[in-house]
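# Breakdown of the fold
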Amino acid sequence: MKTSKKLILGTLLTGSTLFADVTTLLPYTALLQYDSSANVSAKDKGSIVGMYFSHGNLDYLFEFDYARTNISYKLNTDPDLVQDDITVAYSRYYESFFVKGGVHYIGTTDLDMGDGLTFMATVGGYQWQGYDKISYALDTYYAQYKDGYNDTGIKSEVAIVQLSPNFTYSKAINTDTRNNLHLKLNYQITNDYLQDNYVSYEIQDTLYYKSFFANAKFIGGEMISGVRDNGYTAFNTKDVIKNSYGVKLGYYFNPSNLLTIGYDVNNYQEYSPINAGYLDNGSFSVASFTYTYTY
């Protein structure tokens, strides 16, 4: 049994900053810590290391991300989980709207869900009101696991559709300060689990002041085998995430160098393939560090 928690950690580029060709390199790492009780989680701890790359301008953005996940279990007889996540995406920007498409591939030693593919497509728009900006989009995902098992323990292909409408309001407070409020709804549909739909919501607020920013987020509802972070995080597991909250702090040493640290807590119910059922409610934490270089 496993949980993939690959996170894109940091602040990625937005189209409004790309006047010429810009390249971004973002190495990141995260440490995972699971509940100490075996009644809550079979997993013990884990780590994620990865690299994000993007290149683009006001017209387009090409993105590539690779991450390696290692998770150990409480029982030393269980082999460690090893997983590779590869994400490729391309966005095209126009005067008042944009489109995006991509794919997220998962290659894993986990036998419960097996390797997976998530196809993603987004259409969105934006408009300026003076120095304030309103953005809105519909993210769509289709996740497919052909060699996994459903939540009754029967060998079965698993497919999930996720629709995630979202809205962002960016408010310029003064020349040094800006605040971004981001809202998102996640609606999941599947015919391969006992429950055929799941609903969750996300609230994030980011305050920028000169070279510093602080982000706080809360995620409620229920999500299973879901997608977050614009397609870069794919939960290839049947764990049900009940709610999450976290903070992230970042500092720009100059326009080309950004350092970010973050801490997240996820409350969830872990699925046990041995029992074909769920363990007790628990939580896992993620401590993250990332460095962004733009040129």
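Look above for the structure.
Our subject in this report is the structure included herewith.

## Considering the overall build of the chain
Scanning the chain from terminus to terminus reveals zero helices and 17 strands. Its C-alpha atoms give the chain a radius of gyration of 19 Å, near enough to 19 Å, the size a compact globule of 295 residues would have. When its C-alpha atoms are laid out on the principal axes, the chain stretches across 55 × 35 × 30 Å. The buried share of the chain, taken over its 295 residues, is 48%.

## Here we look at the pattern of salt bridges
Tallied over the full model, the rule gives seven salt bridges. The salt bridge partner of K100 is E63, with a shortest N-O separation of 3.6 Å. Taken together, the residues K100 in strand β5 (residues 97-108) and E63 in strand β3 (residues 60-73) connect sequence positions 37 residues apart. In this pair, the class of K100 matches that of E63, namely buried. With a shortest N-O distance of 3.3 Å, D132 and K171 are connected by a salt bridge. Highlighted residues: D132 in strand β7 (residues 132-145) and K171 in strand β8 (residues 158-172), separated in sequence by 39 residues. You can call D132 buried: its relative accessible area is 11%.

## Some details on the packing of aromatic side chains
Scanning the model with the defined rule gives 12 aromatic pairs in all. Following the ring pairs from residue to residue traces out a cluster consisting of Y34, Y268 and F284. The ring centre of Y34 lies 5.3 Å from the NZ or CZ of K43, which sits over that ring. Over the ring of Y126 we find K133, and its NZ or CZ is 5.1 Å from the ring centre.

## A word on unusual backbone geometry
Here K210, not a glycine, exhibits a phi torsion of approximately 55°, which is positive. Here K210 lies in the loop between β10 (197-209) and β11 (212-221). Taking the relative accessible area as the measure of exposure, K210 reaches 56% and is therefore exposed. Here the phi dihedral of N230 falls at roughly 60°; this positive angle occurs in a residue that is not glycine. Within the secondary structure, N230 sits in the loop between β13 (227-228) and β14 (233-234). Taking the relative accessible area as the measure of exposure, N230 reaches 39% and is therefore partly exposed.

## Remarks on the pairing of strand β1 (residues 22-34)
Regular strands show a simple pattern: their side chains alternate between the two faces of the sheet. Summarising the sheet, β1 and strand β2 (residues 43-56) pair through 12 bridges and their orientation is antiparallel. Bridge pairing links Y28 to G50 in β2. As defined by bridge partners, β1 adjoins strand β17 (residues 277-294) across nine bridges and the pair is classed as antiparallel. What sits directly across from L31, in β17, is A287.

## Some thoughts on the environment of S288
Tracing the sequence through the fold places S288 in strand β17. Through-space distance from the C-alpha of S288 to that of D264 is 8.4 Å; in sequence the pair is 24 residues apart.

## Side note on the pairing of β11
Inspection of the sheet shows β10 paired to β11 by 10 bridges, in the antiparallel sense. Paired with T206 across the two strands is N215, which belongs to β11.

## Structural notes on the side chain of Q83
The topology assignment puts Q83 in strand β4 (residues 81-93). A polar side-chain atom of Q83 sits 3.0 Å from a polar atom in the side chain of N236.

## Comments concerning the environment of A234
Among the structural elements, A234 can be located in strand β14. Along the backbone, A234 and I106 are 128 residues apart, and their C-alpha atoms lie at a distance of 8.4 Å.

## Some words on the nonpolar core
Counting residues in hydrophobic clusters, the biggest one holds 21 residues, and the most contacted among them are Y28, L32, Y34 and I48. Elements that contribute at least two residues to this core include exactly β1, β2, β3, β4 and β17. Formed by 11 residues, the second largest nonpolar core is a distinct cluster that contains V158, Y198, A234 and V240.

## Describing the environment of D112
Note that D112 resides in the loop between β5 and β6 (116-129). Take D112: its relative accessible area is 8%, and that puts it in the buried class. Counting along the chain gives 165 residues from D112 to G277, while the straight-line C-alpha distance between them is 12 Å. Here K238 takes part through its side chain, which lies 2.9 Å from a polar atom of the side chain of D112.

What counts, and where the lines are drawn
Residues numbered from 1 in each chain as written. Predicted model: local features only at pLDDT ≥ 70, side-chain atom pairs only at ≥ 80, totals over all residues. Heavy atoms only, no water. Helix = DSSP H or I, 4+ residues; strand = E, 2+ residues; numbered from the N terminus. Rg over C-alpha atoms; globule rule 2.2 N^0.38 Å. Buried < 20%, exposed > 50% of the residue type's maximum accessible area, 1.4 Å probe, protein only. Salt bridge = Lys/Arg side-chain N within 4 Å of Asp/Glu carboxyl O. Phe/Tyr/Trp six-rings, centres within 6.5 Å; stacked < 30°, edge-to-face > 60°. Lys NZ or Arg CZ within 6 Å of the ring centre and 35° of its normal. Pairing = 2+ DSSP bridges. Polar contact = N/O pair within 3.5 Å; in protein donor to acceptor, adjacent residues only side chain to side chain. Core = buried A, V, L, I, M, F, W, Y, C linked by side-chain atoms within 4.5 Å.

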